[in-house]
Amino acid sequence: MNKRELGQSGLMVSEIGLGCMSLPTNQHEAKLIVDAAIEQGITYFDTADLYDKGENEVVVGHALKGKRQDIILASKVGNKWKEDGSGWTWDSSKSYIISQIKESLSRLQTDYLDLYQLHGGTMEDDLEEALDAFESLKKEGLIRAYGISSIRPNVIDRFLREGNASSVMMQYSMLDRRPEEWFEMIGSHGASVVTRGSLAKGLLTKDALKRAEKADGYGEYCKEALIDTLSQLTQNTQNLHSSALAFVFQHDKVSAILAGASSANQLEETMKAYHQPISGEQLAHLKQYLRADIYTDHRL
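Residues numbered from 1 in each chain as written. Predicted model: local features only at pLDDT ≥ 70, side-chain atom pairs only at ≥ 80, totals over all residues. Heavy atoms only, no water.

When its secondary structure is counted, the protein chain shows eleven helices and twelve strands. Computed over its C-alpha atoms, the radius of gyration of the protein chain comes to 19 Å, within 12% of the 19 Å expected for a compact globule of 300 residues. In terms of overall dimensions, the protein chain has C-alpha extents of about 55 × 45 × 40 Å along its principal axes. For the protein chain, the proportion of its 300 residues judged to be buried stands at 56%. At a minimum sequence separation of 6, the contacts of the protein chain that also span at least 24 residues come to 72%. Counting only carbon and sulfur atoms, one obtains 44% of the accessible surface of the protein chain, whose full area is about 13,700 Å². Of the charged side chains in the protein chain, 33 are positive and 43 negative; the average position of the first set lies 2 Å away from that of the second. (Helix = DSSP H or I, 4+ residues; strand = E, 2+ residues; numbered from the N terminus. Rg over C-alpha atoms; globule rule 2.2 N^0.38 Å. Buried < 20%, exposed > 50% of the residue type's maximum accessible area, 1.4 Å probe, protein only. Contact = heavy atoms within 4.5 Å. Areas by Shrake-Rupley, 256 points an atom, 1.4 Å probe, with all protein chains shown as cover. Lys, Arg positive; Asp, Glu negative; His and termini not counted. Charge placed at Lys NZ, Arg CZ, Asp CG, Glu CD.)

Okay, here's the thing in structure tokens:
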């Protein structure tokens, strides 16, 4: 497994990371997937205190017990569950971030996080306070680096400009190319991109057309446009799954793709696709079938 540096943090992450949100809540079943990931060379694991109301962190902590020194562990903060469990509210205050790192570390059975991310963000946030929290946690040795998970360019730019973030997590795939126009801005601040949704809910796998028939479009693609695009892609590549991953990795601002997996078999399919070589010429050929012009709204 190749590794890339996370921004300028000095942290080297496996190009494929395990997005842990899809892990089963059963600890035994989750551990089977995590063990399979480690066997495949994955060293980067990402969770959040929001997932399963904190239980996902518990599951991840149990699965990684005894392996902490060999992996890069990331979590997120900012979403506060309501007491009745009916939903969550946003809290980026210093006091909340400081209190939640302790909860996450306890659930994850570790003394520190390699990466701690603000799980969202708005232009109304007291950003100075939030950044002070992350910087304080770095000084205490409770985190090694911090970042943000967002698709809002104005929020991302502000966070990077005023702080020392190492990463930006955002949705990016062949079917959602909005982030491409922000890559240079992110890189100029010394940060890199961690992508999620790079298989577009399975639309960029061997089951592409079957999934498209059942879907009501995807993002800016109506159903008809989605089916037409995927038909063109599948006809012009031997392995759409591999091409989807390679398409993301061709950008040097990308450090890793977070792949979700609810089973070891699902993870194995992604790893097979990762190891299938796709040339730059093939990617250039496929690009003609993709739409970039539809993403013109900068208000996201």
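Right, let's get into the nonpolar core. Among the nonpolar cores identified, the biggest contains 85 residues, and L18, F45, I186 and L230 are the most heavily contacted of them. Other than its neighbours up to four places away in sequence, I186 contacts I156, L160, V168, M170, A191, S192 and V193. V13, L115, M169 and V194 belong to the second largest nonpolar core, which has twelve residues in total. (Core = buried A, V, L, I, M, F, W, Y, C linked by side-chain atoms within 4.5 Å.)

Secondary-structure assignment places Q100 in helix α3 (residues 94–108). A polar atom in the side chain of Q100 sits 3.5 Å from the side chain of S99. Once residues within four sequence positions are removed from consideration, Q100 is found in contact with D49, V77, R107 and Y116. (Polar contact = N/O pair within 3.5 Å; in protein donor to acceptor, adjacent residues only side chain to side chain.)

With that out of the way, let us pick up helix α1 (residues 27–39). One turn of the α-helix equals 3.6 residues, which is why residues spaced by three or four share an orientation. A rise of 1.5 Å per residue sets the reference length of α1, with its 13 residues, at 18 Å; its end C-alpha atoms lie 18 Å apart and thus fit the reference within 8%. If you check which residues of α1 are buried, you get A30, I33, V34, A36 and A37. The arc enclosing the buried residues of α1, seen along the axis, measures out at 160 degrees, which places them on a common side. Of the residues in α1, the exposed ones pointing more than 90 degrees away from the buried face are H28 and E39. The secondary structure elements touched by the buried residues of α1 are β3 (16–19), β4 (44–46), α2 (55–63) and α10 (264–274). In this structure N26 caps α1, since a side-chain oxygen of it lies 3.0 Å from the backbone nitrogen of H28. Looking one or two residues beyond α1, the residue adopting positive phi is G41, at roughly 95 degrees. (Expected span 1.5 Å × (residues − 1). Arc of directions from axis to C-beta.)

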